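Residue-level structural notes
Here is what each chain is made of, one letter per residue.
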Amino acid sequence: MLQVYADNAATTKISATALNAMMPAFETYYGNPSSLHSVGQDAKELLEDARGRLAKCLGCEAREIYFTSGGSEADNQAILSAAKMGEKKGKKHIISTAFEHHAVLHVLQKLEKEGFEVTYLDVKTNHNITPLDVKNALRPDTCLVTVMYANNEIGSVLPIAEIGAICKEAGVPFHTDGVQAVGHLAIDVKKENIDMLSLSGHKFHGPKGVGALYCRRGLPLTNLIDGGAQERGKRAGTENLPAICGMVAALEESLAHLEENSAKVTSLRDKLIAGLSQIPHCALNGDAINRLPGNVSFCFEGIEGESLLLLLDMKGVQASSGSACTSGSLDPSHVLLAIGRVHDVAHGSLRLSLSEYNTEEEIDHILTVVPEVVSYLRSISPVWRDLQTGKRTFVL
Ligand SMILES: *Cc1c(COP(=O)(O)O)cnc(C)c1O
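How each quantity is defined
Residues numbered from 1 in each chain as written. Predicted model: local features only at pLDDT ≥ 70, side-chain atom pairs only at ≥ 80, totals over all residues. Heavy atoms only, no water. Helix = DSSP H or I, 4+ residues; strand = E, 2+ residues; numbered from the N terminus. Rg over C-alpha atoms; globule rule 2.2 N^0.38 Å. Buried < 20%, exposed > 50% of the residue type's maximum accessible area, 1.4 Å probe, protein only. Lys, Arg positive; Asp, Glu negative; His and termini not counted. Charge placed at Lys NZ, Arg CZ, Asp CG, Glu CD. Phe/Tyr/Trp six-rings, centres within 6.5 Å; stacked < 30°, edge-to-face > 60°. Core = buried A, V, L, I, M, F, W, Y, C linked by side-chain atoms within 4.5 Å. Contact = heavy atoms within 4.5 Å. Expected span 1.5 Å × (residues − 1). Near = heavy atom within 4 Å. Polar contact = N/O pair within 3.5 Å; in protein donor to acceptor, adjacent residues only side chain to side chain. Areas by Shrake-Rupley, 256 points an atom, 1.4 Å probe, with all protein chains shown as cover. Nonpolar A, V, L, I, M, F, W, Y, C, P; charged D, E, K, R; others polar.

When you go through the chain residue by residue, the secondary structure sums to 13 helices and twelve strands. Relative to a compact globule of 396 residues, whose C-alpha radius of gyration would be 21 Å, the chain shows 22 Å and is just as compact. Projected onto the principal axes, the alpha-carbon positions of the chain cover approximately 75 × 50 × 35 Å. For the chain, the residues scored as buried account for 54% of the 396 residues in total. Each charge class in the chain was averaged separately, 37 positive and 47 negative side chains, and the resulting centres sit 5 Å apart.

A word on the packing of aromatic side chains. Enumeration over the complete set of coordinates arrives at two aromatic pairs. Taking the centre distance of 5.5 Å and the plane angle of 70° together, the rings of W384 and F394 count as edge-to-face. Here F394 lies in the segment after α13 (382-389) and W384 lies in helix α13, a separation of ten residues in the sequence.

The nonpolar side chains of a soluble globular protein tend to be buried, and buried together. With 61 residues, the main nonpolar core has L54, L58, I65, V145, Y149, L197 and L199 as its most contacted residues. Once residues within four sequence positions are removed from consideration, I65 is found in contact with R51, L54, A55, L58, C60, A212, L213, Y214 and E231.

What follows is about helix α4 (residues 102-113). With twelve residues, α4 extends 16 Å from end C-alpha to end C-alpha; this agrees with the ideal 16 Å at 1.5 Å per step. The secondary structure elements touched by the buried residues of α4 are α3 (71-88), β3 (93-97), β4 (117-121), β5 (142-146), β6 (174-177) and α10 (334-338). G115, located one to two residues past α4, shows a positive phi value of around 100°.

The next point concerns the environment of F26. Looking at the secondary structure, you find F26 in helix α1 (residues 16-27). The exposure class assigned to F26 is partly exposed, which follows from its relative accessible area of 49%. With 143 residues separating them along the chain, F26 and E169 place their C-alpha atoms 46 Å apart.

Of all residues adjacent to the ligand, which total 13 residues, the nearest are S72, D177, Q180, S200 and K203. One of the side-chain nitrogen or oxygen atoms of D177 is found 2.7 Å away from a nitrogen atom of the ligand. At 2.8 Å from an oxygen atom of the ligand is found a side-chain nitrogen or oxygen belonging to K203. A total of 380 Å² of accessible area belongs to the ligand in isolation, and the protein chains cover 86% of it. The dominant element in the shell around the ligand, judged by the number of residues it contributes, is α3, at three residues. Here the shell around the ligand is built from residues that sort into two nonpolar, eight polar and three charged.

Okay, structure coming up:
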């Protein structure tokens, strides 16, 4: 049976280029970059080469790159650093959005318990925010604006360059969780006035457990991990050199083919969106225009997302639903609630996230299988029966 991996927003398959780039760091450059002997210094050279190449991919300087264990760590460090700096100046207000990743939201919630005030910008209109929303939320005591570059569940791409200009003018540090955008969209942190950006290797065909934080020179970072003096003293621990090499190779490869990949994936996405829109009582989630090339997200009335995923997996389609979070909680996704989906509808969600490895044939397979499974689940759903008999009213 055809197997269709359509969960690339969760993680991607490593590319052959990235895998090959890791091998020398295991076999030849196995030294500790902090060692003073030649084996260590050779590893150090490879590490600094990778840093320089990553900086080039983002449009910043090598010394503005800090390697981390992934996107979550980079998000935590960026936000906590800005909060600490704000606190010193008596500024304890942060602007963010209601649909951030948990790696941002949970840090903000922790800061709220410590007396910070957070404005979560509403995302109901167009499932996005506007630069004006940010401008209007700014206060004299705002110490950080942190808004994601692109949403991982519903694919909305935010107006980052415009927000960057507003923050620069106001003199407020601007962090963006760029994990879904890096390797998929053209990014230039300087042109877009981004002060801090988080990225993660495994979202663009690199290895898992490695990421980076870009932090503009002059912005002080606070350590999450204390110990040795690695990463200019801001992140202790022997560098994961094989993973760093794999990540940078994956990013260079993605950017070298950005236009063709984006065109291909966008066309697959649009075919999928057009086909799935034919299913009765469904709605597209996310910004219809400013949207990640690979994101397809729908809510279907009268079904459970979990059942949909299991049946789709049995038919060879690996997808995701916003409704079940990893903790096993039955609460619907905070992202779907934030865009205004009611609980019942939010439970019937489906996210298909594509990459350049997907094919037209795979899209056709999804377009055959999803309508079948949705019809079947509705045929056995008590909620769907109530909708049919008028005991409940359709929302979509
Ligand atoms: C995956 C993801 C993260 C977390 O990255 P990890 O490297 O898995 O820690 C953070 N933010 C967004 C938007 C993501 O998609």
